[in-house]
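Analysis of the macromolecular model
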Amino acid sequence: MLLVITMNRIRDLREDKDLTQQELSNILGCSQTTYSRYETGNLNVPIDILKKLAKFYKVSIDYIVGISNKKN
């Protein structure tokens, strides 16, 4: 369940910023293929990437992984 929420949240956050997967993968320092696998749930998002996503989007990691519905 948390994996599905994480996949949806990172995709929704990216789309809300009108970013492509390639643009975001450049920001995160990973390949577009790796980032795509995070969004599709084919690869678990490592904690260092979760931290970068939370900082970039100014949301909590709890929000990204679905523990909380509050962004901050």
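The structure contained in this document is the topic of the report that follows. The structure displayed is predicted, hence computed values, not measured ones. (Residues numbered from 1 in each chain as written. Predicted model: local features only at pLDDT ≥ 70, side-chain atom pairs only at ≥ 80, totals over all residues. Heavy atoms only, no water.)

What the protein chain contains, in helices and strands, is five helices and zero strands. Counting helices and strands in the order they occur from the N terminus, the protein chain gives α-α-α-α-α. Taking 2.2 N^0.38 as the reference for a compact globule, 72 residues should give roughly 11 Å; the C-alpha atoms of the protein chain span a radius of gyration of 11 Å, in line with that estimate. For the C-alpha atoms alone, the extent of the protein chain along its principal axes is close to 30 × 25 × 20 Å. A burial count over the protein chain gives 39% of its 72 residues as buried. If you take every contact in the protein chain between residues at least 6 apart in sequence, the share linking residues at least 24 apart comes to 50%. Surface accessibility of the protein chain: about 4,500 Å² in total, with carbon and sulfur atoms responsible for 51%. (Helix = DSSP H or I, 4+ residues; strand = E, 2+ residues; numbered from the N terminus. Rg over C-alpha atoms; globule rule 2.2 N^0.38 Å. Buried < 20%, exposed > 50% of the residue type's maximum accessible area, 1.4 Å probe, protein only. Contact = heavy atoms within 4.5 Å. Areas by Shrake-Rupley, 256 points an atom, 1.4 Å probe, with all protein chains shown as cover.)

Let us look at the packing of helix H2 (residues 21-28) against helix H3 (residues 32-40). The packing of two helices is summarised by the inter-axis angle and the distance between the axes. Between H2 and H3, the least distance of the axes is 8 Å, while the angle of their chain directions is 105 degrees. It follows that H2 is roughly perpendicular to H3 by the angle criterion. Counted together, Gln21, Gln22, Leu24, Ser25 and Leu28 of H2 and Gln32, Tyr35, Ser36 and Glu39 of H3 form the full contact between these two elements. In terms of residue class, the contact of H2 with H3 is built from three nonpolar, five polar and one charged. (Axes fitted to C-alpha atoms, helices over the stretch in contact; angles between N-to-C directions. Parallel < 35°, antiparallel > 145°, perpendicular 65-115°, else oblique. Nonpolar A, V, L, I, M, F, W, Y, C, P; charged D, E, K, R; others polar.)

We now examine H2. Along H2, the residues that are buried comprise Gln21, Leu24, Ser25 and Leu28. Across the axial projection of H2, the buried residues extend over an arc of 100 degrees, all falling on one side. Directly after H2, the chain includes Gly29, whose backbone phi takes a positive value near 80 degrees. (Arc of directions from axis to C-beta.)

Enumeration over the complete set of coordinates arrives at two salt bridges. Notably, a salt bridge pairs Asp12 with Arg11, separated by 3.4 Å at the nearest N-O pair. Judged by relative accessible area, which is 34%, Asp12 ranks as partly exposed. Here Arg14 makes a salt bridge to Glu39, at a shortest N to O gap of 2.5 Å. With Arg14 in helix H1 (residues 2-16) and Glu39 in helix H3, the pair connects residues that are 25 residues apart, well separated along the chain. The buried category is assigned to Glu39, whose relative accessible area is 8%. (Salt bridge = Lys/Arg side-chain N within 4 Å of Asp/Glu carboxyl O.)

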